[in-house]
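Examining the three-dimensional arrangement
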Amino acid sequence: MNVVLLGPPGAGKGTQAARIAGTFDLLHLSSGDILRAERKARTELGRKAQDYMDRGVLVPDDLILAMMMDHIARPEAAAGFLLDGFPRTLAQAEGLDQRLAARGARIEIVVNMVVDDAEVTRRLTGRWSCPTDGRIYHEMFSPPRKAGVCDDCGSALTRRKDDEPEVVGQRLKTYHAETKPLVAYYTSRGVLQSVDAGGSVEEVTASIERVCRRS
Ligand code: ADP
Ligand code: AMP
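The paragraphs below set out a description of the structure included in this document. Because the structure is a prediction, the values reported are computed rather than measured.

To continue, consider the packing of helix α1 (residues 13-24) against helix α9 (residues 201-214). In contact at an axis separation of 10 Å, α1 and α9 are set at 45° when each is read in the N-to-C sense. When the axis of α1 is compared with that of α9, the two are oblique. Considering only the axes of α1 and α9, their crossing is right-handed. Here α1 contributes Thr15, Gln16, Arg19, Ile20, Thr23 and Phe24 to the contact with α9, which in turn contributes Val201, Glu202, Val204, Thr205, Ile208, Glu209, Cys212 and Arg213.

Written out as structure tokens, the structure is:
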């Protein structure tokens, strides 16, 4: 099964992907995480992407498509994958469909995570993450047992620079202008399933699992 989690930044895609990928044995591929790893490793791609990411705008489609297809082509993705943060533009979605079709594959389910801008702003401005294992926390909604420290590995938690309020505003604008049109695109392809992502983490997981089991 190949699944896309679609939704604004802060909808809870990364949080849910970690849970859903385990349940359905899918490879979790987050374009944002992959880009941050490229930056950390100081690769040419990481260098090209950094300015766009810091400004809260999208990295060019050709770079993203090549990067994500490299990951999708890996043997670990053969049994099914869960895309998080990709595709984010119509050109990316069309490029993905064409490249998958050439491999005899397709996207079977697109989970549209519906949540309003006020809630995602609250979520993003309180987000903390573990730089070692990627676990995501929120200072109020899902705090670590000890403030500032990862429950699983003990690393000091960090905040993303693009979660500062000024950049969050730009990221939401980018989402509405460039990513929201994918709702109509995937509806027309008959694969879109909307879930209310405004509830608790557990409630949202249950809704996504229901949608995935039904399909
Ligand atoms: P995305 O990957 O869509 O950008 P994240 O999964 O990183 O979003 O979640 C953004 C922030 O919101 C994190 O701090 C996370 O702990 C918190 N969060 C995720 N899901 C929920 C939820 N259902 N209710 C409250 N907070 C949530
Ligand atoms: P995210 O972790 O998904 O919030 O992504 C962080 C940043 O990485 C975004 O604001 C973009 O600059 C960049 N990015 C991630 N995924 C994509 C994508 N599919 N297309 C273009 N840029 C992306």
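Next comes the rest of the description.
Quick look at the sheet that holds strand β1 (residues 3-6) now. Strand pairing in a sheet is mediated by backbone hydrogen bonds. Such pairs are either parallel or antiparallel. Read from one edge to the other, the open sheet built from five strands follows the order β2-β3-β1-β4-β7, with strand pairing classed as parallel. Only two strands of the sheet have a single neighbouring strand rather than two, namely β2 (27-30) and β7 (192-196). Looking at each pair of strands side by side, their axes are set apart by 20° on average, direction ignored.

Turning our eyes to something else, we now look at the site of ligand 1. What surrounds ligand 1 is a group of 18 residues, the closest being Lys13, Thr15, Arg127, Tyr137 and Gly199. Interatomic distance of 2.8 Å between a backbone N/O atom of Gly199 and a nitrogen atom of ligand 1. In isolation ligand 1 exposes 560 Å². Once the protein is present, 94% of that is buried. Looking at the shell around ligand 1, the elements that each hand over two or more residues are α1 and β6 (136-138). Among the residues forming the shell around ligand 1, the class breakdown is seven nonpolar, eight polar and three charged.

As a further point, take the site of ligand 2. Residues in close proximity to ligand 2 total 17 residues, the closest being Ser31, Arg36, Val57, Gly85 and Gln92. In the environment of ligand 2, an oxygen atom lies 2.9 Å from a nitrogen or oxygen atom belonging to the side chain of Arg36. Separating an oxygen atom of ligand 2 from a side-chain N or O atom of Arg160 is a distance of 3.0 Å. Computed on the free molecule, ligand 2 has an accessible area of 480 Å², of which 96% lies beneath the protein chains in the complex. For the shell around ligand 2, the elements supplying multiple residues, two or more each, are α2 (31-40) and α3 (44-55). No other element matches α2, which puts four residues into the shell around ligand 2. For the shell around ligand 2, the residue count by class is eight nonpolar, four polar and five charged.

Rules of the game
Throughout, a residue's number is its position along its own chain's written sequence, starting from 1. A letter from A marks each chain and a number from 1 marks each ligand, given out in the order of writing. Predicted model: local features are reported for residues with pLDDT of at least 70 only, side-chain atom pairs are reported and counted for 80 or more only, and whole-chain, interface and lining totals are derived from all residues. Side-chain metrics in this entry use all non-hydrogen atoms of the structure; hydrogen atoms and water are not considered. Axis angles are defined between N-to-C directions and span 0 to 180 degrees, where every axis is a line fitted to C-alpha atoms and, for a helix, only to the segment in contact. By the criteria applied, helices consist of DSSP H or I runs no shorter than four residues and strands consist of E runs no shorter than two, each listed in order from the N terminus. For classification, angles of less than 35 degrees are called roughly parallel, those exceeding 145 degrees roughly antiparallel, those between 65 and 115 degrees roughly perpendicular, and all remaining angles oblique. If you view the pair so one helix is near and one far, a crossing is left-handed when the near helix is turned anticlockwise from the far one by less than a right angle, and right-handed when it is turned clockwise. We call two residues in contact whenever any of their non-hydrogen atoms come within 4.5 Å of each other. Note: two strands are recorded as paired if DSSP finds a minimum of 2 bridges between them. Distances are taken per atom, and a residue is near a molecule or strand as soon as one of its heavy atoms is within 4 Å of it. The term polar contact refers here to a pair of N or O atoms within 3.5 Å; inside protein, the definition further demands a hydrogen-donor-capable atom paired with an acceptor-capable atom, and it admits residues adjacent in sequence only when both atoms are side-chain atoms. Note on areas: these come from Shrake-Rupley sampling with a 1.4 Å probe, and a residue is covered only by the protein chains present in the view. Residues are grouped as follows: Ala, Val, Leu, Ile, Met, Phe, Trp, Tyr, Cys and Pro are nonpolar; Asp, Glu, Lys and Arg are charged; all remaining types, including Gly, are polar.

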